[in-house]
Amino acid sequence: MKYQVVIGLEVHTQLTTNTKIFCGCSTRFGAEPNSQTCPVCLGFPGALPVLNKQVVENAILAGLATNCSITQRNVFARKNYFYPDLPKGYQISQFDLPICQHGHLDIEVEGEKKRIGITRIHMEEDAGKLVHADIPGVDDSCVDLNRACTPLLEIVSEPDMRSPDEAIAYLKKLHQIVMYLGICDGNLEEGSFRCDANVSLMPVGSTVFGTRAELKNINSFKFIKQAIEYEIERQAEILDDGGKVIQETRLFDPNTGTTRSMRGKEEAHDYRYFPDPDLVPVLIPDQWIEDVRATLPELPEAKRARYVAELGLPEYDAEVLVSSRELAQYYEETVALFPQAKTVSNWVMGEVSRALNEDNNRSITDCPVTPALLADLLKLMEKGTISGKIAKTVFDEMYKSGKAPEKIVEEKGLVQVSDTGAIEAMVDEVLKNNPGQVEQYRGGKETVFGFFVGQVMRASKGKANPAVVNELLLKKLQA
Amino acid sequence: MEIFDLTIHELHEKLAAKEVSSVEATRAMLERIEAVDGQVNAYITVTPEQALVEAEAADRRIAAGDVAPLTGIPVGLKDIFITKGVRTTCGSRILENFVPPYDGTAVAKLKEQGAVIVGKLNQDEFAMGSSNESSYFGPVKNPWNLECTPGGSSGGSAAAIAARTATATLGTDTGGSIRQPASHCSCVGLKPTYGRVSRYGVIAYASSLDQVGPLTRDVTDAALLLGAVAGHDPKDSTSVNTPVPDYVAGLAAGVKGLKIGLPKQYFIEGLDPDVKRAMDEAIALYKSLGAELREVSLPHTEYAVATYYLIATAEASSNLARYDGVRFGHRAEDARGLKEMFAKTRAEGFGPEVKRRIMLGTYALSSGYYDAYYVKAQKVRTLIMQDFLNAFNEVDVLLTPIAPTPPFKIGEKLADPLQMYLSDIFTIPVNLAGTCGISIPAGFSAAGLPIGLQLIGKPFGEASILSTAYAFERETQWHLKKAPL
């Protein structure tokens, strides 16, 4: 490829506050249109905004988690433009003094680590949405202002990404962090986490960025990747033909996997930003930052490092377990009760994840097998009461019924047989019934050993203690 | 003395003594409106039914012995105050039929005290104007001379006091909009310190300058009404959380030893001789009462009008963007498409002065001009604030004229907006500085037109300008003169 792609991302995360950023209306998704509105978020004459303190705290959290410096004197600005879903005719946002600046996130793509700069994070209010009525003969549009004035953080990266994979890695990392912080529900489909991508091409080796296109409001990781890939192709073709990429805003169409022009630069707005005189500057003293810092949870990166260093987990396991805060919490709660880090990891990544996936991608937070139950199961296995194989059967039963493992083992008679006498009888029986294989083994074909183990286990319906089986088989065969 | 002639405190005494009922007072006021408002045009909307219901409620409250200073008092509100269920136009066609779903804070406070709201008062459209000629509902006539303007933008609020069609009124003051019409109509008008009274429920013109204040027959009433509406409001983050003093209790403090400053930039050549004479008399009176008068300097005064018209219009251009025909108010018929609907609605809904200011403000904020105009104006504003703080290091209050001339004729300055803008030259700096000022009756011109004087106080120094004003009022009769109506 003769072009290098340059990608910068702007991510809008909707905060999970109960009330809106400048009024007391609910932020719940999916309510009856305009049922969650008041004079303030409707932009009625005379109404004034009052800042929701929790939004500031969430923004500080996001800034601390992304290595930003926190701006201690914050000013809200008005971004002026006309649109029917923008009640006041301006959006209250932050302009030259965003709450967080100069941060970064480290990503890893195919084993290579890279640092992506975060230019700024600012607080702003969302607009409403237009609903185009699907009524024959009616070509009116309706406005739903439930979403108007819900709090957003806009997180703007440096144009540091050089491939769609890097962009996705950055986005996923950011997504993971806001979810860890508990400040965003991370729901891409409902628009709680949405992304604009600025994409441009420059000749390989160049340091001067090309003209960029802005891809607007894409709501899945897959589509973002597709949109960027399409843009690379589109812009490369233009450049190959000796043309010039024009600076414009483009929309991604998931049906065709292509982007199309929404508005060009010549229609670009002059937003006439100026400080909002209705809101006094927000002063954030050191103490406030420290108080918020104290509530900062352990973030995935630190958690992963700790799993490797303290628990001795392989990198891979650690990575999988920290992928969500809830999964990591489940893991940690189990380990606290059954301190064999790797065994627990195997089970959480194996049986637990499989069962949840098969169960309609059920969330780990409502897994019927709680950390306590899982720990009990693993203890039974450790004590030798059941074998690893039986444990899997018991797990499935626990998942279905939510019953305690001891109870299932007892009810189904799944207790492992370690009684040497009983096993010896089965071993003798197996050896007697398979003289040919015994001959082979004694003739030097040691691989037949597995066959005998299998036969004994089958005879015991899986309940025989494999260690005892092995020991007795070896003894008899070598006798 | 008719009931409608009484001050708040006079009527309050009669109500408390049950010499008169609120229903009687309210009826008298409604009849007076009926009789004379046709000549004055101070009211955009009169609300007789609702007023009588409120009066009856006030009477029940009085009967129960619960009488706050404003219980049962008929008051009028500039039509910039949002009133639940009562049409609120802001003097504009674009809100001609707008009935708000909520009450603003100042209105709610008046209702809590049991005040009776008799109607909504005429004003310049969106409070933009100094003569009340920009109202969509027609100009207000000055009760002292029906050919003259009452001043603006709270022209209806001042004229209703002078015409005795409200016991007291509330107005708003962005660049002199309470004080200048108070002066032109010979009533008392107070612009409090920015942040003293909540702006919640007051239609914004220029958010960083607007402030709610009383227009009344005398200084005692101003103190009473200010006390009723002042205070911190959690719904307005620019409202300040400092205690509200008992303004009435402080009135009799006197001026002995008080240092009164005379800003030399306010006593310039070209000041109307009648105004000059009234100022000289006031100064002499204060001297005789034991005040110490001295010249002070507010060196950046000459930039105040230019600064004001950049900041106020910039904020207005943004504040008025919500009037787009989408959710409330006027919407143009037959527009094809969204952009045309926005454009036609605003073209039809706004009058020429509002359009002029929106365009000025849009220009001042536009990219490439922002630094040269808006940012520069903010810097000058800081210098003007500093002027006042410096002056208040030397003196307790400032005494100045309110307007360069007595009331002018309707239509006289319409053709020359700049001339009109200059008529606010003595009031605008107070808004830019965010401090407080009061206008009190101080005489009449040879032609019999009212002249007011202005006392400017330190930030949150309302008590001090009220007591200084009260000392003057006690020695003079100007506030007792009635307009010939």
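For clarity, every value in this text was computed on a predicted model and none was experimentally measured.

About the thresholds
- Residues numbered from 1 in each chain as written.
- Chains lettered and ligands numbered in written order.
- Predicted model: local features only at pLDDT ≥ 70, side-chain atom pairs only at ≥ 80, totals over all residues.
- Heavy atoms only, no water.
- UniProt positions renumbered as here; feature names shortened; annotations may be inferred.
- Helix = DSSP H or I, 4+ residues; strand = E, 2+ residues; numbered from the N terminus.
- Buried < 20%, exposed > 50% of the residue type's maximum accessible area, 1.4 Å probe, protein only.
- Contact = heavy atoms within 4.5 Å.
- Polar contact = N/O pair within 3.5 Å; in protein donor to acceptor, adjacent residues only side chain to side chain.
- Buried area = accessible area lost by both parts, 1.4 Å probe.
- Salt bridge = Lys/Arg side-chain N within 4 Å of Asp/Glu carboxyl O.
- Nonpolar A, V, L, I, M, F, W, Y, C, P; charged D, E, K, R; others polar.

A. Highlighting the UniProt feature "active site" (unreviewed entry) in chain B. Residues and elements named next belong to chain B. Here, the residues flagged by UniProt with the feature "active site" (unreviewed entry) are K78, S153 and S177. The greatest C-alpha distance among the annotated residues, which extend across 100 residues, is 11.0 Å, indicating that they converge on a single site. Mapped onto the elements, K78 comes out in strand β2 (residues 74-78). K78 sits in the buried class, given a relative accessible area of 0%. The contact partners of K78, leaving out residues within four places of it in the chain, are K120, L121, Q123, A127, S153, S154, S157, L170, G171, T172 and S177. Looking at K78, its side chain comes within polar contact range of the side chain of S154, at 2.9 Å. Relative to the helices and strands, S153 resides in the loop between β3 (116-121) and α5 (155-162). In this view, S153 contacts K78, N122, Q123, D124, A127, M128, G129, N132, T172 and S177; residues no more than four positions away in its chain are not counted.

B. Focus on the UniProt feature "domain: Asn/Gln amidotransferase" (unreviewed entry) in chain A. According to UniProt, the feature "domain: Asn/Gln amidotransferase" (unreviewed entry) maps to residues 329-477 of chain A in the numbering used here. Along residues 329-477 of chain A one finds 72% helix and 0% strand; the C-alpha atoms at either end are 48 Å apart.

C. Molecular detail of the interface of chain B and chain A. Facing the 37 residues of chain B at the interface are 31 residues of chain A. Of the roughly 2700 Å² buried between chain B and chain A, counting both surfaces, carbon and sulfur atoms make up 61%. When the area that chain B buries against chain A is broken down by residue, the three leading residues are B:S237, B:R322 and B:R327, summing to 22%. The interface formed by chain B and chain A includes one salt bridge. For B:R199, the salt bridge identified is with A:D278, shortest N-O distance 3.1 Å. Looking at the side of chain B that touches chain A, the elements with two or more residues in it are α9 (304-319), α10 (338-349) and α11 (352-365) of chain B. With five residues, the top contributor of residues to the side of chain B that touches chain A is α9(B). Residues that form the side of chain B that touches chain A fall into these classes: 19 nonpolar, 11 polar and seven charged.

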